[in-house]
Amino acid sequence: MYDPTTPAPASAPGAAQGAALEAIGLGRKYRAGWALRGCDITVPAGRICGVVGPNGAGKSTLLALAAGQLKPTEGELLTLGVTAGAPELRARVAYVPQDKPLYPGLTVAETLRMGRELNPVWDGNLAQQIAEQGELNPKARIGSLSGGQRTRVCLALALGKLPDLLLLDEPMADLDPLARHQLMGTLMSTAAERGTSIVLSSHILPELDGVIDHLLLVQRGRVRLAGDLEEILDGHRLLTGPAAQGAALAAESVVEQRVSGRRSTALVRTAEPWEGEWESERPNLEDLLLGYLRAPASAPTDPHDPTDPNEVAA
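Residues numbered from 1 in each chain as written. Predicted model: local features only at pLDDT ≥ 70, side-chain atom pairs only at ≥ 80, totals over all residues. Heavy atoms only, no water.

To continue, consider empty space enclosed by the protein. In the structure shown here, the tally under the stated rule is one cavity of 30 Å³ or more. In this structure, the largest cavity encloses a volume near 70 Å³. When residues of the lining of the largest cavity are assigned to their parent elements, the largest contribution, four residues, is made by helix 5 (residues 177-194). Of the residues assigned to the lining of the largest cavity, the class counts are six nonpolar, three polar and one charged. (1 Å grid on protein atoms, 1.4 Å probe; cavity = no way out; pocket = protein on both sides within 12 Å on 5 of 7 lines; lining within 4 Å. Points joined across faces, edges and corners; volume = space filled by probe spheres on them. Helix = DSSP H or I, 4+ residues; strand = E, 2+ residues; numbered from the N terminus. Nonpolar A, V, L, I, M, F, W, Y, C, P; charged D, E, K, R; others polar.)

In structure tokens form, the structure reads like this:
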């Protein structure tokens, strides 16, 4: 884990102030159509934000925009208060995309040495520790490593530069359960000790529970839920009751409802205790997300209709 005695970069004391990401009317269009459109979000600094959604929802596009790898087609995106992709952000932002770009001909040791030489601030001990957790041979060439091993090298490079903002696109997808546990422990330690802002996308919902404290749910190129995780969970109830009771629920409050035999289960938007024959409880993260993902996306209220057949998400 990160050694708190290691000198931090000059920007670290202010890393937990303001917003890590702020989007206003953000949209990105590819040749095939819109991947994101009409996104207004604010991710406070110093948080661990989970970006979740089905494949093709626009999660990767959002992270690539935040990293400055893509430019918005419309709207604005600020990263740490500066226009995403600005040169002054290079030392403050670390980005690990899904394809894990590394030089296949270099060894693990040479790759970490490159990280040290290219970054003005570098914690070699932290980078080495992340690599050693995976029992990587320093002399092994990147091209010979498995997908999970390459992921570990990318994470070593990203965390070794001690960024103020860490952007991770599906970092756990090709890691084994032990490696995922180690990664989450490292991320939580880094966020707690340095105030690092972390934004990670994932489709492995149980791995996010107990880790993230801010949520972005992206579906069909739109942000359906955004905010403090505890506040979002407090604003919903998971109801279980007789199937016949389902008809009594107000349609505008129901996110998703299922009937199994004589029992009905519903996720509803309310923070109030529920009266009647329903058993009511606060949903957990997985209940909440699965409820929204199984339900049809809300009908858009503006002209930027993501149901347009010419629009796609990436």
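Next comes the rest of the account.
A separate point is the pattern of salt bridges. Scanning the model with the defined rule gives 10 salt bridges in all. Linking Glu117 and Arg116 is a salt bridge whose minimum nitrogen-to-oxygen distance equals 4.0 Å. Judged by relative accessible area, which is 57%, Glu117 ranks as exposed. Arg282 is the partner of Asp234 in a salt bridge, and the nearest nitrogen-oxygen pair spans 2.7 Å. (Salt bridge = Lys/Arg side-chain N within 4 Å of Asp/Glu carboxyl O. Buried < 20%, exposed > 50% of the residue type's maximum accessible area, 1.4 Å probe, protein only.)

On to the layout of surface pockets. Approximately 890 Å³ is the volume found for the largest pocket. Along the walls of the largest pocket sit 24 residues, with Gln69, Val93, Ala94, Tyr95 and Lys161 positioned nearest its centre. If you list the elements that add at least two residues to the lining of the largest pocket, you get strand 6 (93-96), helix 2 (108-118) and helix 4 (147-160). The greatest single-element share of the lining of the largest pocket, amounting to four residues, is contributed by strand 6.

Judged by pairing direction, the sheet is mixed, and its six strands sit side by side in the order 6-7-8-3-9-10 without closing on themselves. Among the strands making up the open sheet, the edge pair consists of strand 6 and strand 10 (222-228). With strand direction ignored, the average angle separating the axes of adjacent strands in the sheet is 10°. On top of the sheet, helix 4 reaches strand 6 and strand 7 (165-169); it is set at about 170° to strand 6, its chief contact. (Pairing = 2+ DSSP bridges. Axes fitted to C-alpha atoms, helices over the stretch in contact; angles between N-to-C directions. Contact = heavy atoms within 4.5 Å.)

This part is about the packing of helix 3 (residues 124-133) against helix 4. Two elements in contact, helix 3 and helix 4, have axes separated by 8 Å at closest approach and are oriented at 165°. Our classification of the angle between helix 3 and helix 4 gives roughly antiparallel. Crossing handedness for the pair helix 3 and helix 4: right-handed. Contacts from Leu126, Ala127, Ile130, Ala131 and Gln133 of helix 3 reach helix 4 at Arg152, Leu155, Ala156, Leu159 and Gly160. Classifying every residue of the contact of helix 3 with helix 4 gives seven nonpolar, two polar and one charged. (Parallel < 35°, antiparallel > 145°, perpendicular 65-115°, else oblique. Left-handed = near helix turned anticlockwise from the far one by under 90°.)

With respect to the secondary-structure elements, Leu167 resides in strand 7. Separated by 30 residues in the primary sequence, Leu167 and Ser197 place their C-alpha atoms 8.6 Å from one another. Each residue touching Leu167, except ones within four places of it in the same chain, is listed here: Leu63, Ala66, Ala67, Val93, Ala94, Tyr95, Val96 and Val199.

Now for the pairing of strand 3 (residues 48-52). The buried count for strand 3 comes to five of five residues, which makes it a mostly enclosed element. Here strand 3 shows no split at all, with Ile48, Gly50 and Val52 on one side and Cys49 and Val51 on the other all buried. One ladder, built from four bridges, connects strand 3 with strand 8 (residues 197-201); its direction is parallel. Among the inter-strand pairings, Val51 is bridged to a residue of strand 8, identified as Ser201. In this sheet, strand 9 (residues 214-219) lies alongside strand 3 in parallel orientation, the contact comprising four bridges. Among the inter-strand pairings, Gly50 is bridged to a residue of strand 9, identified as Leu215.

With that settled, the discussion passes to the nonpolar core. Most often, soluble globular proteins have nonpolar side chains that are buried together. One finds Leu200 and Leu215 to be the most contacted residues of the largest nonpolar core, which totals 54 residues. Looking at which element gives the most residues to this core, the answer is helix 4, with seven residues. Aside from chain neighbours lying at most four places away, what touches Leu215 is Gly50, Val52, Leu225, Ala226, Gly227, Leu229, Ile232, Leu288 and Leu289. Leu21, Ala66, Leu167 and Val218 belong to the second-largest nonpolar core, a separate cluster that totals 27 residues. (Core = buried A, V, L, I, M, F, W, Y, C linked by side-chain atoms within 4.5 Å.)

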